[in-house]
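# Structural description and commentary
So the chains spell out like this:
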Amino acid sequence: MATVSVCQYHPGGFSFENCKRNALLEADINKLGFSSPAARKTGTTICGVVYKDGVVLGADTRATEGMVVADKNCSKIHYISPNIYCCGAGTAADTEMTTQIISSNLELHALSTGRLPRVATANRMLKQMLFRYQGYIGAALVLGGVDCTGPHLYSIYPHGSTDKLPYVTMGSGSLAAMAVFEDRYRPNMEEEEAKRLVRDAIAAGIFNDLGSGSNIDLCVITKGKVDYLRPHDVANKKGVRTGSYRYKHGTTGVLTKAVIPLNLEVVEESVQTMDTS
Amino acid sequence: MSEEMFPEPEWLSEEVKTGTTIIAVTFDGGVVLGSDSRVSAGESVVNRVMNKLSPLHDKIYCALSGSAADAQTIAEIVNYQLDVHSIEVEDDPLVCSAATLVKNISYKYKEELSAHLIVAGWDRKKGGQVYATLNGLLSRQPFAIGGSGSFYIHGFVDAEYRKNMTKRESQEFVVNALTLAMGRDGSSGGVAYVVTIDKDGAEEKCILGNELPRFFDQ
């Protein structure tokens, strides 16, 4: 009778002690009346849709720090591999670093297999990493791409669960965007229709959710081609001021003018050569 | 003017759960598994068409409930372990082996995981079998139900289950149970997935909402 011993026992494992300590510290700080610095989050509306020839990913461009907009034009569609891109919602640093780590690992994997990476591989790598950190990495992702088996779209949650669907939305504006999708999605759409649908879904998130705003970025992925449209639509243009508050030259009268030269001597001069070989 | 600025999105704090109703029944010659398709994060539904019947091997499936991440991860790990095992023994694995692998993970990480998987399938030695693995227990049963929606149908399944049903009767039993649970449990809904496994293999079917049987509904 064969024994199954593929699972090696790892003593130790990841220690979440610091998370408990942080929670206690947070409570103590709040009791004293101070508040800990808020992590920069991408409030966000992100979405993706599978159409006839590939995948269209869309995202807004607002990054918030508490209730202040930290970045009016941040890029939320991250590169994973030439045929796979990933939108990220949640803590900006987490989505940025997670996608970069997986992108790097996937490139090594692709060099090792000698093939273009598959979307399912990127999905597995992401979900296994997020599950390992038990949701403490606050990254909610929409992963889309086209590989040898066709176009694929996944949504990945911070705790490590994934869903494979024809259309997905994530972020604080996800409900607004999903409403647009549920109304107008059809299987096998043409590219223009799919781009319009994603643009409208993100616009719904931008205008109806406080955490999303500014412009709409799109990424259209087909077999052999990627169109990164940034910005695809400037939904919120800054208005033109009608009046000017600048004062004319000579508004303030000059009463006296005194010029005092400062005589400085060179005390020490040293030259350090740089090794430019 | 409402002062609810920037309410934190639910999915950031809430874990994604498969609210769920899952059920597995043996009949003479195989098993029938059934599940609903709703996945919720807090109050909102994040996936209304998720297939919670996950293949562990050709003729062994498991039904997922509880935390979506935990359940998916257990199913994928056991799928991998069974693949290796079946290559080692050069034969299809036993349902008992699959259930034991699931039970081992569920028991060892009892405190950290919150997922309940029902394992069911067909093998040459004992035919159709259903195993419940709640909290690390391993128990072979003629039928098993699980998930939040199962509480509403305990009475129904206890009353309606009969030994030695035919394949068709078992499928009807499963669909009826799912429909009743989905009708009363807020966390279950969507479509019904039914998988029938016998010696010839596994047959998957999806029953849309409007094709489900109708019960008393004022």
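Residues numbered from 1 in each chain as written. Chains lettered and ligands numbered in written order. Predicted model: local features only at pLDDT ≥ 70, side-chain atom pairs only at ≥ 80, totals over all residues. Heavy atoms only, no water.

## Brief notes about the overall build of chain A
The following threshold applies: The helix count covers DSSP runs of H or I at least four residues long, the strand count covers runs of E at least two residues long, and both are numbered beginning at the N terminus. Radius of gyration here uses only the C-alpha atoms, and the compact-globule reference equals 2.2 Å multiplied by the residue count raised to the power 0.38. A 1.4 Å probe rolled over the protein chains alone gives each residue an accessible area, and that area as a share of the maximum for its type sets the label: buried under 20%, exposed over 50%, partly exposed in between. When charges are tallied, Lys and Arg are placed among the positive residues and Asp and Glu among the negative ones, while His and the ends of the chain are skipped. To locate a charge, the coordinates of NZ of Lys, CZ of Arg, CG of Asp or CD of Glu are taken.
Each helix and strand counted, chain A has five helices and 13 strands in total. In summary, chain A has a C-alpha radius of gyration of 26 Å against a globular reference of 19 Å for 277 residues, an excess of more than 25%. With 277 residues in all, chain A has 41% of them scored as buried. One finds the centroid of the 29 positive side-chain charges in chain A at a distance of 4 Å from the centroid of its 27 negative side-chain charges.

## As for the sheet that holds strand β2 (residues 22-27) of chain B
Residue and element names in this part refer to chain B. To keep things clear, this is the line we draw: In short, DSSP must find at least two bridges between two strands for them to pair. In this analysis an axis means a line fitted to C-alpha atoms, helices contributing only their contacting stretch, and an angle means the value between N-to-C directions, from 0 to 180 degrees.
Strand order in the open sheet formed by five strands is β11-β2-β3-β12-β13, and the pairing between neighbours is antiparallel. Two strands lie at the open edges of the sheet, namely β11 (143-146) and β13 (201-207), each paired on one side alone. On average, adjacent strands in this sheet sit at an angle of 10° to one another, irrespective of strand direction. Inspection of the sheet shows β2 paired to strand β3 (residues 30-35) by six bridges, in the antiparallel sense. Note on β3: the bridge partner recorded for Ile-23 is Gly-34.

## Remarks on unusual backbone geometry
The residue after Arg-230 of chain A, namely Pro-231 of chain A, is reached through a cis peptide bond having omega -5°. Within the element layout of this structure, Pro-231 of chain A appears in strand β13 (residues 225-233). Unlike most non-glycine residues, Glu-90 of chain B shows phi in positive territory, near 55°. Here Glu-90 of chain B shows up in the loop between α2 (68-89) and α3 (95-108). On the accessibility criterion, Glu-90 of chain B (71% relative accessible area) is exposed. Here the phi dihedral of Asn-135 of chain B falls at roughly 60°; this positive angle occurs in a residue that is not glycine. If you trace the backbone, Asn-135 of chain B turns up in the loop between β9 (127-132) and β10 (139-141).

## Brief notes about the UniProt feature "active site" (unreviewed entry) in chain B
Residues and elements named next belong to chain B. Which entries qualify depends on this criterion: UniProt positions are given in the numbering used here, feature names are shortened, and annotations may be inferred rather than shown by experiment. Pairs of residues are marked as contacts when any of their non-hydrogen atoms sit within 4.5 Å.
If you check UniProt for "active site" (unreviewed entry), the listed places come out as Thr-20 in our numbering. Residue Thr-20 is classed as buried on the basis of its relative accessible area, which comes to 0%. Aside from chain neighbours lying at most four places away, what touches Thr-20 is Asp-36, Lys-52, Leu-64, Ser-65, Gly-146, Gly-147, Ser-148, Gly-149, Ser-150, Asp-185, Ser-187 and Ser-188.

## Here we look at the packing of helix α3 (residues 119-132) of chain A against α2 of chain B
Helix-helix packing: each pair is described by the crossing angle between the helix axes and the interaxial distance. What counts, and what does not: Any angle from 65 to 115 degrees is called roughly perpendicular, while one under 35 is roughly parallel, one over 145 is roughly antiparallel, and all others are oblique. Here is the rule for handedness: rotate from the far helix to the near one, and if that takes an anticlockwise turn smaller than a right angle the crossing is left-handed, while a clockwise turn gives right-handed.
Their axes nearest at 11 Å, the elements α3 of chain A and α2 of chain B cross at an angle of 120°. One way to sum up the angle between α3 of chain A and α2 of chain B is to call them oblique. Between α3 of chain A and α2 of chain B lies a crossing of left-handed hand. When α3 of chain A is examined against α2 of chain B, the residues Arg-124, Lys-127 and Phe-131 of chain A are found in contact with a partner set consisting of Ala-69, Asp-70, Gln-72, Thr-73 and Glu-76 of chain B.

## Things to note about the sheet that holds strand β12 (residues 216-222) of chain A
Residue and element names in this part refer to chain A. Read across the sheet, five strands follow the order β11-β2-β3-β12-β13 without closing on themselves; strand pairing throughout is antiparallel. Two strands in the sheet have a free side with no partner beyond their single neighbour: β11 (167-170) and β13. The mean angle between the axes of side-by-side strands here comes to 10°, regardless of whether they run parallel or antiparallel. Both strand β3 (residues 54-59) and β12 contribute to a ladder of six bridges, which runs antiparallel. Counted as the bridge partner of Val-56 is Val-220 from β12. Packing of helix α4 (residues 174-184) onto the sheet brings it into contact with β2 (46-50) and β11, and relative to β11 it is tilted by some 160°. Against the sheet, helix α5 (residues 191-208) makes contact with β2, β3, β12 and β13, and its axis sits at roughly 150° relative to β12, the strand it touches most.

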